[in-house]
Amino acid sequence: MKLDIAVLSGDGIGPEVTAQAVKVLEAIAHRFDHVFTFKEALIGGVAIDQTGNPLPDETLQICLNADATLFGCIGTPTYDHNPTAVIRPEKGLLKLRKELGLYANIRPVIAYENLINKSPLKREVIKGTDILIYRELSSGIYYGEKKVNEDATKASDLCEYSRAEIERVAHLAFKAAQKRRKKLTLVDKANILETSRLWRKVVKEISHDYKDVTLNLLYVDNTAVQIIVNPRQFDVILTENMFGNIISDEACVIVGSIGLLASASIGDTNCMFEPIHGSYSQATNKGIANPIASILSAAMLLEHFGLIKEAYAIKIAINKSLELKLTTPDLNPNNPLSTQKVGDFIYDYILNPEDSNINF
Ligand code: IPM
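For every chain, the first residue of the written sequence is number 1, and numbering continues from 1 along that sequence. Restriction of local features to residues with pLDDT of at least 70 applies here, the model being predicted, together with a cutoff of 80 or more for giving and counting side-chain atom pairs; totals for whole chains, interfaces and linings are based on all residues.

**Observations regarding the sheet that holds strand 12 (residues 271-275)**
Part 1 of the argument: Taken together, the ten strands give an open sheet; going across it, the order is 2-1-3-12-11-4-5-10-8-9, and neighbouring strands pair in mixed fashion. Each of the sheet's edge strands pairs with one partner strand only, and the pair in question is strand 2 (35-40) and strand 9 (214-219). Strand-to-strand twist in this sheet, taken as the mean axis angle between neighbours without regard to direction, amounts to 25°.
Part 2 of the argument: We treat two strands as partners when DSSP finds at least two bridges between them. What counts as a helix is a DSSP run of H or I of at least four residues, what counts as a strand is a run of E of at least two, and both are numbered from the N terminus. In this sheet, strand 12 lies alongside strand 3 (residues 68-73) in parallel orientation, the contact comprising two bridges. Note on strand 12: the bridge partner recorded for Leu 70 is Phe 273.
Part 3 of the argument: For every residue pair, C-beta atoms are placed from the backbone, and the pair is scored as a contact if these atoms sit within 7 Å. Axis definition: a line fit to C-alpha positions, over the contact stretch in the case of helices; interaxial angles, taken between N-to-C directions, run 0 to 180 degrees. Taken strand by strand, helix 9 (residues 220-229) contacts strand 8 (183-188) and strand 9, and its axis lies near 105° from that of strand 9.

Given below as structure tokens:
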């Protein structure tokens, strides 16, 4: 297969971890005889520094022309310490999601056997957890009108959803549930929010098209508790933009490190793949950032294009690195490998795989 991939490494640890994902994709292309081309472009703080714009037009064009975008992360201390700055790295990412029409952000949360003791949660609570979060990505409070009064004593953020925006992501989530354990939990705050009541109404209606899927309704505050005390109860979680952002970050404690969670952002014509972690600026260029979330995002990219055995080859190699404890300090503080060395191991293992028992 031939794939043109836009590479937006962004800020902080983004360039280091994304370089490992690109390297791993090159190994896959080599082993499975594909042609992947990569085109780099600016986004976030680095784009503001060089062009004054967190999403230069050229970057958007490169992403629109590509088959897929591989994204790193954005955010720099300059902007983190200055929340009132009007031009911000995050604006580049939000605009990119909107322009590419990426309305569904898909985040798998899996308790890997090899890492179960890295989680602060009890083994018996998290063992076997396998959750797929569908977060609506291009609407809601992130995109609603924002206002601040003149003397900055009052501010508001509008949360709006249309039926169509709920329907399109809900269909994707129900279809995913059909292929899994056939359970979908809609997370909302329908006791308070009008938007949540609309979500419930629309999702209940849609559920009639998916009679083999059981629909559960759960408030977001209760979800925040349930995901920690009994994560195995969840199969597919469907939720709006802001709740999805918070719940999926919370869920990373199950996995043991935020450096392991990947995501896919999907629309009708474009797709983007990104780790869920932030830019971790303090770690920039220290070689301590975990590249696995970024490499798993590359595996999700391959799965999206139906390259299942290729994605599987990446997972086998990652599993091997975890099994042999060839990992970065977040997972292996006493005897860590660098970001690049972890990438090198996974690259080599893809090109020279051994027979192994896989439990990834
Ligand atoms: C994420 C991130 C982004 C978000 C930020 C960087 C804008 O936290 O992808 O979860 O809030 O959506």
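**Regarding the site of the ligand**
Part 1 of the argument: As used in this record, a residue near a molecule or strand is one whose C-beta atom, placed from the backbone, is within 6 Å of it. If you check the shell around the ligand, you find Ile 74, Glu 90, Leu 93, Asn 245 and Ile 276 and nothing else.
Part 2 of the argument: Classification convention: Asp, Glu, Lys, Arg as charged; Ala, Val, Leu, Ile, Met, Phe, Trp, Tyr, Cys, Pro as nonpolar; all other residues, Gly among them, as polar. For the shell around the ligand, the residue count by class is three nonpolar, one polar and one charged.

**Observations regarding the packing of helix 11 (residues 292-304) against helix 12 (residues 308-323)**
The angle between the axes and the distance between the axes are what describe a pair of packed helices.
Part 1 of the argument: It is at 7 Å that the axes of helix 11 and helix 12 come closest, and there the two elements cross at 160°. As far as their axial angle goes, helix 12 and helix 11 are roughly antiparallel. The handedness of the crossing between helix 11 and helix 12 comes out as left-handed. Listed contacts from helix 12 to Ile 292, Ile 295, Leu 296, Ala 298, Ala 299, Leu 302 and Glu 303 of helix 11 are Ile 308, Glu 310, Ala 311, Ile 314, Lys 315 and Ile 318.
Part 2 of the argument: A breakdown of the residues in the contact of helix 11 with helix 12 according to their chemical character gives ten nonpolar, no polar and three charged. Throughout, the term roughly parallel applies to angles under 35 degrees, roughly antiparallel to angles over 145, roughly perpendicular to angles from 65 to 115, and oblique to all others. Helix crossings get a hand from a simple test, with the near helix turned counterclockwise from the far one by less than a right angle marking a left-handed crossing and a clockwise turn marking a right-handed one.

The values are spatial; any link to function lies outside them.
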